[in-house]
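A look at the structure
Given next are the chains, with one letter for each unit.
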Amino acid sequence: MMITFHFLLIFSAIFRVLLIMYGEWQDGHMEVRYTDVDYLVFSDAAILMSSGASPYNRATYRYSPLLAFLLLPNASLHPSWGKFLFSASDLLVGIFIRDILKMRGVSDMPCLFSVMVWLFNPFTFTIGTRGNCEPIVCAAILWIIISIMKGKVFQAAFWYGLVVHFRVYPVIYVLPIILILDPQYLQSGHMPVLTPWKAHWPNQSDGVEMSNANFILSAVGSILTRARVLFGLVSGSVFLGCTWLSFYLYGREFLNEAVLYHLTRTDPRHNFSIYFYHIYLHYENDFSLLEKLISFLPQLTVQLALIFSFARDLPFCFFVQTVAFVAFNKVITAQYFVWFFCLLPIILPWSSMKLKWEGVACILCWMVAQTHWLMWGYMLEFRGHNVFLQLWLASLLFLAANTFVLVMFIRRHKIVPIFQLVYTKSKSLGKLE
Amino acid sequence: MAMADRMTATTKSNGALTYLYLLVYIALSSGQIFFNKEDGAFDYMNDSDEPNASIAACHEKYISKTYFKEHERLQDSSFQDYIVRVLEGNPERVHAELLDLHHNLVGEGSHRHLSSHLRYSIEPDSISDPSGQQCEIILIERLPSGVFADPFEYQHLIQRGVFKDAAVFGDTNLELPSFLSSRSMVEVHIEVDSNITSGQKFSGEVKVELPVHARYPPVGNDGYSRIEFVKPDLLLRCGTEGSACSSQNCSLSCITGSADPGQNAVSWTIPAGIETRAKVVSAVTFASALLSAALIIVVSLRQSGIGGKFFKQS
């Protein structure tokens, strides 16, 4: 198994290096660039930062100064440094997936399959080699999961504060993390006990030692525990510290471009979201408070329902939350998909969904809906036909496909809390003695 | 047990080493910023001259730049007055005539090329330096509302040698729809590939294709919005070969002629949202979102066993 995994990793690394080299060739010799437009934005911002100027002098740079900071060697070393960094993060995600599954006791074959689902996903290896920064976020999210699994609350909190500063969306994970840091799972001075994976789960109740309702009630009732307070304080401090430092260095430009833009973004241009046409048709008029609330309600209620249903199965909770968050967001671009692609491998060994034919149905349904949307998008943007209505209907179909896939995963998933109850375990040991 | 202890120790030391590498990286990168000079905003389109006058001098890099220092927005009439004043304020030592101009829009969809194919003739009036003049054509496209140019795209074209130089002025926000944005302008410099010597008439032709993009137009009732382009402004700037244009040897003239008076204005028909559909679209959008949300919520609660008496566990 170790030899096979290392072979996978080395092969993936070589493949990514070759892709980066090909990308450089295509950029220099063809009209259509391989490199993502966003990478040029990051790179320019890094060059500005290296000369002491503000990265926000670069139009459309809407990220934390931390990203430009990470890409400073683009200016001094090589313009492709960032691509190598992102691709390395991509490989790191593969390593973290393997680590998480091994810690939970998954056997070799399902583990290897899950790692391959990430490393050989065409979307995955193009996104890093084209210069998109999402693999860094994915690696950080998985590292946070690993830290929580090891009971390292401080470490998890530090990286969580950092990643929320870097990208706002991981804020949706705060509630399940707070819930899982329960004293019934985490005892001071001891590592939490992970629920081992089984190849077969004949009984629905296997692995569930306490009903979900009781867990939620118990967690809410004792919300101010040491681990939760520590997590909140450390992650909040790191987030505020990074935000304050960025504001101190770059002022209101940082706030407007890197924070407020993402919180208030309503892009009327066509994208996968069902809201794009509604936003475009109403863009000349301000949205009323009622309209804003109605558009936020599905997102909020789904997130709360998923959290309260699956928080104990933390990786699965993260996955379903992310799929739902992307599907109900006001703006959806293709790079958002990698946010849940990196979480899919760590839930697959607990799914009873077989590739034939439910798995294939989910893949086909999602890809056909996406391709259908892209076809109408092409007709609008590159052929100049007025197909706004058809494109909007295609986005409704895409939401339906996302809902179908999400429902299928939920129905076929074996809900297993990531931690075992320490309190119950010690009681059992007491009885045996 | 001893092996487990050694593995734990190895893991801890690897973790510490990783954090140490990160700290070294942060220190080196911070040092790079700290020790570099702060030379102000890095702007592809700025040159180092900061003209104080209300019109551009001949030798300044971009003729249009001074206009935008005086005016917030582009207006055709005021820009044409500005060009007249620029020409009057700068010497004309080389006379240029426009023989033919074909101006049209090439391509389909929201991303097209504004093509200008011009034939011209050049005749210098007098040359102070007999070693020859190098000339460049300055083409200025005043883009209508609803169309924008991407400055970074033009920078890429300069790097590939398509233009000698190029700049975009005005509203360069790439994302806003047309009713929230102002007009913009593209100034492109194309080298004339010949030395101009006194007494010799020179003619040539040049074809320029400028990438332009459509903004989202205001919503309407017929599903399309029509935009018309004005003809480009064409100038000829000449200076002594091998040296940057200085105020002594620089010549600026307008390339005008009676070329193709019958050509229709270039127009672009852009798809637009249909206003009458707004209510139906909003209602169906919200209904779809609520329906999908309800389905996901019901399935989640059933599967997890929360609210057991309302949903039977499968």
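Since the structure is predicted, the reported quantities are computational estimates derived from the model, not experimental observations.

Observations concerning the confidence of the model for chain A
All names here are of chain A. Taken as a whole, chain A shows an average pLDDT of 88; of its residues, 94% reach a score of 70 or greater. Within chain A, no element has a lower average pLDDT than helix α19 (residues 422-432), which sits at 47, and none a higher one than helix α15 (residues 314-327), at 97. For residues 425-433, every residue scores under 50 in pLDDT, and the model assigns this stretch two contacts once sequence neighbours within four places are set aside.

Observations regarding the side chain of Ser-12 of chain A
Residues and elements named next belong to chain A. Take Ser-12: it is sitting in helix α1 (residues 2-29). Separated by 2.8 Å, the side chain of Ser-12 and the backbone oxygen of Leu-8 make a polar contact. Contact partners of Ser-12, with chain neighbours within four places excluded, come to Leu-91, Leu-119 and Phe-120.

Topic: the interface of chain A and chain B
Size of an interface: often given as the accessible area lost when the parts come together. If you look at the interface, chain A gives 73 residues, while chain B gives 60 residues. Both sides of the chain A and chain B interface together cover about 5,900 Å² of buried area, and 64% of this is carbon and sulfur. Across the chain A-chain B interface, the total number found is 16 residue pairs in polar contact (both at pLDDT 80 or more). Tallying contributions element by element places helix α14 (residues 289-310) of chain A first for the side of chain A that touches chain B, with eleven residues. Considering only residue class, the side of chain A that touches chain B consists of 41 nonpolar, 20 polar and twelve charged.

Quick look at the state of the cysteines
Think of a disulfide as a covalent bridge from one cysteine sulfur atom to another cysteine sulfur atom. All names here are of chain B. Considering all chains together, one arrives at one disulfide over all chains under this definition. Bridging Cys-135 to Cys-238, the disulfide has an S-S length of 1.9 Å. Where Cys-135 bonds to Cys-238 through sulfur, the torsion about that S-S bond is close to 105 degrees, and the disulfide is right-handed. Remark: Cys-238 occurs in strand β9 (residues 233-240) and Cys-135 occurs in strand β3 (residues 133-142); sequence separation between them is 103 residues.

Here's the deal with the environment of Leu-289 of chain A
All names here are of chain A. In this structure, Leu-289 sits in helix α14. Residue classification places Leu-289 among the exposed positions, given a relative accessible area of 64%. For the pair formed by Leu-289 and Tyr-336, sequence separation is 47 residues and the distance between their alpha carbons is 27 Å.

Comments concerning the pattern of salt bridges
The final tally for this structure, using the stated rule, is 20 salt bridges over all chains. In this structure, the salt-bridge partner of Lys-83 of chain A is Glu-24 of chain A, at a minimum N-O distance of 2.9 Å. Taken as a pair, Lys-83 of chain A in helix α5 (residues 81-103) and Glu-24 of chain A in helix α1 lie far apart in primary sequence, 59 residues in all. A salt bridge links Arg-226 of chain B to Glu-228 of chain B; its shortest N-O distance comes to 3.5 Å. A relative accessible area of 46% means that Glu-228 of chain B is categorised as partly exposed. A single salt-bridge network, built from bridges that share partners, covers Asp-76, Arg-142, Arg-183 and Asp-233 of chain B.

Scoring rules and cut-offs
- Residues numbered from 1 in each chain as written.
- Chains lettered and ligands numbered in written order.
- Predicted model: local features only at pLDDT ≥ 70, side-chain atom pairs only at ≥ 80, totals over all residues.
- Heavy atoms only, no water.
- pLDDT = per-residue confidence, 0-100.
- Helix = DSSP H or I, 4+ residues; strand = E, 2+ residues; numbered from the N terminus.
- Contact = heavy atoms within 4.5 Å.
- Polar contact = N/O pair within 3.5 Å; in protein donor to acceptor, adjacent residues only side chain to side chain.
- Buried area = accessible area lost by both parts, 1.4 Å probe.
- Nonpolar A, V, L, I, M, F, W, Y, C, P; charged D, E, K, R; others polar.
- Disulfide = S-S within 2.5 Å.
- Buried < 20%, exposed > 50% of the residue type's maximum accessible area, 1.4 Å probe, protein only.
- Salt bridge = Lys/Arg side-chain N within 4 Å of Asp/Glu carboxyl O.

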